[in-house]
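Next come the chains, spelled out residue by residue.
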Amino acid sequence: MFIFFHVNFVLRLKLLILWINLIKKILNSLHKQQKIVNFTKKMKKIDYLIVGQGIAGTVLSYSLLQANKKILLADPNLPNSSQVAAGMFNPITGNKMNKTWLADDIFPYLHQFYAQLENLLKVNFLHSKPIYRPFDSIEKQNYWISNSVDVSHYVNHNFPKNKYNYLLNNHFGGLEILQGGNIDTKILLKNYQDFLRKNDFFVETEVLENDLIFEKNKVIWKDIEAEKVIFCRGFTEKDSELFDFLPFQPAKGEILTVYLPNLKSDSILNKNVWILPIGNDFYKIGSTYEWIDLSFTPTKIARAHILAEANKMIEILEQDVVNQEVGVRPATQDRRPFLGFHKEFPQIGIFNGLGTKGISLAPFMAKIFVNCLVLGQKIDTLLDIQRPFRKYSP
Ligand SMILES: Cc1cc2nc3c(=O)[nH]c(=O)nc-3n(C[C@H](O)[C@H](O)[C@H](O)COP(=O)(O)OP(=O)(O)OC[C@H]3O[C@@H](n4cnc5c(N)ncnc54)[C@H](O)[C@@H]3O)c2cc1C
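Note that the structure is a prediction, hence the values are computed from the model and not measured.

1. Digging into the sheet that holds strand E6 (residues 126-128)
To summarise the sheet geometry, strands pair through backbone hydrogen bonds and adopt either a parallel or an antiparallel arrangement. The strand order across the open sheet built from three strands is E3-E9-E6, with neighbouring strands paired in antiparallel fashion. Every other strand in the sheet has two partners, leaving strand E3 (88-89) and E6 as the edge strands with one partner each. Across three bridges, the pairing between E6 and strand E9 (residues 181-183) is antiparallel. Its bridge partner being in E9, Ser-128 is matched across the sheet by Gly-181.

2. Structural notes on the pairing of strand E17 (residues 282-286)
Regular strands place side chains that alternate from one sheet face to the opposite one. With four of five residues buried, E17 is to be regarded as a mostly interior element. Sheet topology places strand E14 (residues 251-259) next to E17; five bridges connect them, and they run antiparallel. Pairing of Thr-257 across the sheet is with Lys-284, part of E17. With antiparallel pairing between neighbouring strands as the criterion, strand E16 (residues 273-279) and E17 make up a hairpin whose turn holds two residues, including Asn-280 at a positive phi of roughly 55°.

3. Quick notes on the domain arrangement of the protein
In terms of domain boundaries, the protein breaks down into domain 1 (2-37) and domain 2 (43-125 + 179-246 + 336-394). Computed over C-alpha atoms, the centres of domain 1 and domain 2 are 59 Å apart.

4. Considerations on the sheet that holds strand E8 (residues 174-177)
Spatially, seven strands are ordered E8-E7-E15-E16-E17-E14-E18 in an open sheet, and the strand pairing comes out mixed. The two strands at the open ends of the sheet, each matched to only one other strand, are E8 and strand E18 (321-329). Taking each pair of neighbouring strands and ignoring which way they run, the sheet shows an average axis angle of 20°. When E14 meets E18, the two strands line up antiparallel, connected through eight bridges. Note that in E18 the partner of Lys-252 across the bridge is Val-328.

5. Details of the packing of helix H2 (residues 55-66) against helix H8 (residues 358-375)
Taken N-terminus to C-terminus, the directions of H2 and H8 make an angle of 40°; their axes are 9 Å apart at the nearest point. With respect to H8, the element H2 is oriented oblique. Classified by chirality, the crossing of H8 by H2 is right-handed. Contacts between H2 and H8 involve Ile-55, Ala-56, Val-59, Leu-60, Ser-63 and Leu-64 from the first element and Gly-358, Ile-359, Ala-362, Pro-363, Ala-366, Lys-367, Phe-369 and Val-370 from the second. Looking at the contact of H2 with H8, its residues break down into 11 nonpolar, two polar and one charged.

6. Thoughts on the packing of helix H4 (residues 103-121) against H8
For the pair H4 and H8, interaxial distance at closest approach is 8 Å and the crossing angle is 90°. Judged by the inter-axis angle, H4 sits roughly perpendicular to H8. Along its contact with H4, which presents Asp-105, Ile-106, Tyr-109, Leu-110 and Phe-113, the element H8 presents Ser-360, Leu-361, Pro-363, Phe-364 and Lys-367. Here the residues of the contact of H4 with H8 sort into seven nonpolar, one polar and two charged.

Thresholds, definitions, all that
- Residues numbered from 1 in each chain as written.
- Predicted model: local features only at pLDDT ≥ 70, side-chain atom pairs only at ≥ 80, totals over all residues.
- Pairing = 2+ DSSP bridges.
- Helix = DSSP H or I, 4+ residues; strand = E, 2+ residues; numbered from the N terminus.
- Buried ≥ 20, exposed ≤ 12 C-beta atoms within 10 Å, placed from the backbone.
- Domains from an automatic or database assignment.
- Axes fitted to C-alpha atoms, helices over the stretch in contact; angles between N-to-C directions.
- Parallel < 35°, antiparallel > 145°, perpendicular 65-115°, else oblique.
- Left-handed = near helix turned anticlockwise from the far one by under 90°.
- Contact = placed C-beta atoms within 7 Å.
- Nonpolar A, V, L, I, M, F, W, Y, C, P; charged D, E, K, R; others polar.

Put into structure tokens, the structure is as follows:
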């Protein structure tokens, strides 16, 4: 009897323990599931994480917002090239005074794009200004006359002939270029960032490649789940792990701000260097090109060079200089932007390589990139990072 009772008791106890363990397991699994649910609940789902808020990240993210996409832009707010840039756009450039690459597409679009952004932000940063380009010889004047048909609509044929007589050497006359001007990049970038912050579209931090988790058709970064991450990191991209194979050729540039109360010019003057009126008798003058020293340190050599060239147009003294700034342009060896996606990780894109013309190129390039992202249109081979790159020989 006692034995029977004992066996029964042991069996019951075992059964009870089994039940307890089973219940524990069920509770545990429920708890785990709850954790997963909470974790996914905490994840913020967006379409695109944009890394870097120079002109590239700014223009691309705004273009994506216009296409009703959910974005988040991350930038640690370190000095960048876009803030230093004079922000000029000029349809006729180079020694040969040619129409700049894609000018007929880029120029109408940039005016419309920046005007829309001004409207959204309720600030004024787009300034249309004539650009005066004095000829430095009779040959240049003749060359221009015989080669100007293609660019005729970018030129003012009727400006008063004495308008630029205040210049030191204006013996051969010159061109007044239309559809040019400048963007006040500091105002644009600051106000756009304020707008993003107000809408929870901005986070002030660096995005480290090691913090990205690649999953099928998405990328996880901290508590963000993005369909794609687009890098707009300017010239620093050349040292990245993901895109270090791209042939960047960064170019340091220096720029001066001068105070010239007697000049009273509303036009941009352009001969070897440019002199850009920025209001209240201040002017920006620049710039220089340096490919070896890519530090952010201003140099005496650059300052002297800019002043010497500017003095060929108007008299400027050393004491007129009130500021000297440095930036590094994300230039490329074939002088074409870098648009496209990583071969191995197609969830990772790049929008970069805007070089010396970020202001004028960015809106049209962003349009091409967004058409690819949203409508699946192909990126032109000239721009796509999958294009064949010739080996660089210095
Ligand atoms: C002296 C000078 C004058 C110029 N003048 C003109 C001009 O008149 N007209 C013109 O069109 N162009 C001009 N340029 C060129 C112009 O500045 C560039 O084309 C343009 O600024 C490039 O923009 P970007 O956004 O690609 O790069 P950047 O402006 O350098 O921006 C890159 C951004 O990426 C961020 N970033 C980098 N790494 C990370 C990371 N890991 N996580 C998050 N963020 C990151 C940086 O903080 C930075 O804000 C000039 C350049 C210089 C230097």
